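Notes for the structure review
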Amino acid sequence: MTSPNPRQRELIESTDGCYLVDAGPGTGKTFTITRRYAEIVEQDDVEPDDILLNTFTRNAATEMRDRIVAHSEYGARELRDAPIGTFHSLCNDILREHGFDAPSHLGLDEAITRSTSVLEDETIEGKYFREFVGKFTDDHPEHHDLLRAISDPDDILDVIKNLAANGVFPTMEGWYRDAEEQLYGDADAFEAVFEELNRPRNGGSKQSELRESLTDYDSDACYLPDAPSRAEIRGESGSKAIPGHVRTRVFEEDREGLLAFVHDVYVEYLAFALSRNYLNFSFLQLFAFVHLCENEALRDRLTFEYVMIDEFQDTSEIQFKLALLLAGTENVCVVGDWKQSIYSFQYADVENITQFQDRLHRFVEDLNSDRSRIDASFDEVNEIELDRNYRSTQAIVNRSEDALVVPGTGSEEVDAEAVLEDVVSLEAETDADHSHIEAIQHENEHEAVLTKIGEIVGNEEYAVRDDRDGGGSDGLRPPRYGDIAILTRTRDFGRELLATAEEHGFPMAYEGGVELFRTDPAKLLLAWLRILEGGTDEDRGWAVVLERAGYTLDEMKHVLSTGSYPSGMVAFRDELDGLETVSAVAHRVFDRYGYDGPTAEVLSTTIQSVYDATTMTRGDLIRFIEREVESGATHEVTAAAGSNAVRVQTIHAAKGLEYPIVILANMNANKFPSTGGSDGRIVYDERFGLRQRTCYGEAHDQPHVYDNWYWDVLKCCRPTEYDEERRLLYVAMTRAEDHLVFTAGEEPNTFLEELPVAVETYEPAVERPAVGETVQTRFDVGIPEPAGPRGYSPHSLMNDEVFEAVDEGRGAEYGSRVHNFAERYALGEDVEPRSDEEDEHHVAELLDSFEGELRVEEDAYMPLEVDGEQVTIRGVVDLVHVAEDAVEIVDYKTVLGRHAEDEYRTQLSVYWHVLNEVYPDRAVTASLFYTAEGELVEMEPLSKDVIGSLME
DNA sequence: GATTAGAAATTTTTT
DNA sequence: ATTTCTAATC
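Quick caveat, the model's predicted, so the values are computed rather than measured.

Applying the stated criterion across every chain, the model contains five cavities of 30 Å³ or more. Put simply, the largest cavity is a space of about 80 Å³. Residue lining of the largest cavity: G167, Y176, R177, D178, Q182, F289, I318, K321 and D366, and that is the complete set. Residue composition of the lining of the largest cavity, by class: three nonpolar, two polar and four charged.

What follows concerns a negative patch on the surface. A cluster of acidic side chains, namely D16, E39, E42, D44, D45, E73, E78 and E305, defines a negative patch on the protein surface. When you line up the elements, D44 lands in the loop between helix 2 (29–41) and strand 2 (51–55).

Bringing the packing of aromatic side chains into the picture now. Both the distance between ring centres and the angle between the ring planes are used here to describe each pair of aromatic rings. Throughout the structure, instances matching the rule amount to 28 aromatic pairs. Geometrically, the ring pair formed by F320 and F363 is edge-to-face, given 5.1 Å between the ring centres and 90° between the ring planes. Of this pair, F320 sits in helix 16 (residues 317–326) while F363 is found in helix 18 (residues 356–367), placing the two residues 43 residues apart along the sequence. Accessibility expressed as a relative area gives 3% for F320, which makes it buried. A centroid spacing of 4.0 Å and a plane angle of 10° characterise the contact between W542 and Y565, whose relative ring orientation is stacked. Note that W542 is positioned in helix 24 (residues 538–548) and Y565 in the loop between helix 25 (553–562) and helix 26 (567–577), a separation of 23 residues in sequence.

This part is about the sheet that holds strand 25 (residues 759–761). The strands making up a sheet are joined through hydrogen bonds of the backbone, oriented either antiparallel or parallel. The parallel open sheet is built from seven strands, whose spatial order is 15-18-14-19-24-11-25. Bordering the open sheet on either side are strand 15 (508–510) and strand 25, each of which pairs with just one other strand. Sheet twist, expressed as the average angle between the axes of neighbouring strands with direction ignored, equals 25°. Pairing between strand 14 (residues 484–488) and strand 19 (residues 659–664): four bridges, direction parallel. Residue A485 lies in a different strand from strand 19, and its bridge partner there is V662. Against the sheet, helix 22 (residues 491–503) touches strand 14, strand 15 and strand 18 (646–650), its axis set at about 150° to strand 15. This element, helix 32 (residues 723–733), spans strand 14, strand 19 and strand 24 (736–744) of the sheet and lies at about 130° to strand 24.

Here we come to the UniProt feature "binding site: ATP" (unreviewed entry) in chain A. Feature annotation in UniProt assigns "binding site: ATP" (unreviewed entry) to the following positions: A23, G24, P25, G26, T27, G28, K29 and T30. Take A23: it is sitting in strand 1 (residues 18–23). Residue contacts for A23: discarding those within four places in its chain leaves K29, V335, G336, D337, Q340 and L386. Mapped onto the elements of the fold, G24 is located in the loop between strand 1 and helix 2. With a relative accessible area of 5%, G24 lands in the buried category.

Reading guide: rules and limits
Residues numbered from 1 in each chain as written. Chains lettered and ligands numbered in written order. Predicted model: local features only at pLDDT ≥ 70, side-chain atom pairs only at ≥ 80, totals over all residues. Heavy atoms only, no water. 1 Å grid on protein atoms, 1.4 Å probe; cavity = no way out; pocket = protein on both sides within 12 Å on 5 of 7 lines; lining within 4 Å. Points joined across faces, edges and corners; volume = space filled by probe spheres on them. Nonpolar A, V, L, I, M, F, W, Y, C, P; charged D, E, K, R; others polar. Patch = residues over 30% accessible without salt bridge, like charges linked within 9 Å, V, L, I, M, F, W, Y side chains within 5 Å. Areas by Shrake-Rupley, 256 points an atom, 1.4 Å probe, with all protein chains shown as cover. Salt bridge = Lys/Arg side-chain N within 4 Å of Asp/Glu carboxyl O. Lys, Arg positive; Asp, Glu negative; His and termini not counted. Charge placed at Lys NZ, Arg CZ, Asp CG, Glu CD. Helix = DSSP H or I, 4+ residues; strand = E, 2+ residues; numbered from the N terminus. Phe/Tyr/Trp six-rings, centres within 6.5 Å; stacked < 30°, edge-to-face > 60°. Buried < 20%, exposed > 50% of the residue type's maximum accessible area, 1.4 Å probe, protein only. Pairing = 2+ DSSP bridges. Axes fitted to C-alpha atoms, helices over the stretch in contact; angles between N-to-C directions. Contact = heavy atoms within 4.5 Å. UniProt positions renumbered as here; feature names shortened; annotations may be inferred.

Encoded structure:
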């Protein structure tokens, strides 16, 4: 794009006033915003410091900055400190500069200083939070009943963060501004949604959606005695809507105790975090907002003449309000696309953009309610729609709009007309009509995908447009591997696919988690840390460093035994020793070895955050790295792009990117859209406020936890919606420039079936491609972590090969069905073999043939000494047959799993040792029962020594 | 069409 | 823990 189209020009040149810009995918949004920024900054009386430009991610901010530098009279140096960044970085800057007494507005004594760090690692925050909850529990016996009903402290942290994102803050004495009101909910909004859901359907002949959802009320629930019965809730049989009094009754639930609890835990955690000198991302925004709200002088100083926000559909309520507090004029411009709002789990609120005017005026009024904070009245909001798509062909544009109205389940009814009314239809810039939009399906989806890629690459049929940015005509050329991206909903599918690709020698790169501390930069860093620390591990450090420097084994032995280290290395050690922080050490080490890629960068920040967050010594850090190496923890590293490889990404990660050919994989039933899942124990919703899903009462003179009937009604008032899932589908489809392929395995999901695209059965026939120079990313499949700090499950003893063999061979569903049956049969439950399932008959026959007692054992623990350390191996015993003088363990396997006997033997051996201890005077045997053949095979158990050796 | 019971599934990611 | 889909019965 070299010059803006008329709509873009309008946005670029309309620098003053309030603008809401609907910029769909591929409409040249970044181009237009950067030009607008340049236009504004070129005015005589405007400096970069007067313009706030906010985006969602650091990457996006960096890209904006680069493109502005390229198109304005300002250079990189002058724009270095310009306020172009994320909301979080902005809040961080504000608090760092001026935030010292920000907590005082909430009545908190602790201050925010330059040494207050931002905790990026959620696992570390989780650790702190659990410590805090322990302390809180001790301090507050009056909240014990409530705490009893919460098993996972993370639930509490979740609700705190949710409240913070919605602008609900506590003070020492009570709640900040009108927060308490919000916590009780919005009666009008609740009434609206309730009445809508309670309207009888089919012109009054069919019961309302709400009444239907409440069919399950009271099933499997244990309420306090005063809870209304199902009949009271649902009205008499045959009625079409639930009685009106139910609405007011659930809305007016007594929540004083809950509010008191949430208040105390919230405000005390704020104090705790400050006393430990850290803030999380939510609190960063919380304090920045409060400070700007209360400190008039500061607000005057900080407000900007121009405010621009990109990706506005991804902002939260608190971010919208922050932007208003920072706007000194009406010159506010928000750019976004409601159709691409896919971050609600990050508290993004799509209504910020769909209800922009309403919210704008409501928030301004709210912020001005007790004193005047915002001068601008925003009487006029100009809306600009960008409707030219420079990315995709018209065919892809049209299909993607279908995605916004496809039902997510067979029974979901989407009001297509209402949705499409809000869609600005895009017109493709190109008139090329070469697009393939197709869907393939085969049981073996991985190989089908690879076969399809093989068919596409180099194929004129799937030609892609070339040289578009050069301003020339759309020449077509055959596609390469690097033109293709595979997008999936889940990371797991991407990883599995990559494993298959590796087997077949396909050039494919996965952009996701990497076992960070097992990489070379990490090993060298650990080595130098060990050298610095001295002691017994110093030699291990030197060995790595010397090996890296090219010393032979004999030379290394000599150097280590005499201590005559090379003088350059000694000098480097002394230099490192003089550095104050561990992260400075890391930087110097990476520098020395020329590691400047993404891996080194992520390592630095990870170490920095761990070191900052805790009061770790260098020795602690060494042990931290050792633990990370051992557990194989993964961290995000974005691989270098540019090689000719197919990219695999999640849809979320692909947002903002574009690819000539997009393969949208794993469109399988129950995968996308996904169902199920659960919320925390305490839930906040704007409409019905703060609620707890359980309640408490006395039984047998003891406090007990009960199901909360209020919640059981309320949860039906927020039925599952697939709106965001549709938007996710939309985002995925609109990444494609030229071609779009959907793939499914077993059973295509509703989305795929309802889209106007024919699904064809596709026979995979993977051919190993003749790949020239390509870079292939390796991905190691991690073995599941053992439960407990020092426990090992037999599963964790498996090596990769065995694990894969088991995973493929077992046929999870098949095996677990037989297993399930065996257990229930042994327990004497009333189960009959299914008439068509031979396996179950075999199992029943076997079990009937046993004399004596059949038992299902839950857990077995075997203590073991490994490398002088005491460890406990934990496993689940399946079925134990105890006779007078013999004990037998039986494990059920289909014949499919035969080749994975190694793994079975490890498991059974663990059980065998355990049972030998429990029944010292009976003969213990371990057997596998191959159900498909009706064959019982006795296993030779492994010795404890062998099992121990497997654990290294 | 209402009701009931049972089976089979069940995350995404950024600051 | 929650959801969808199915089948059977009223």
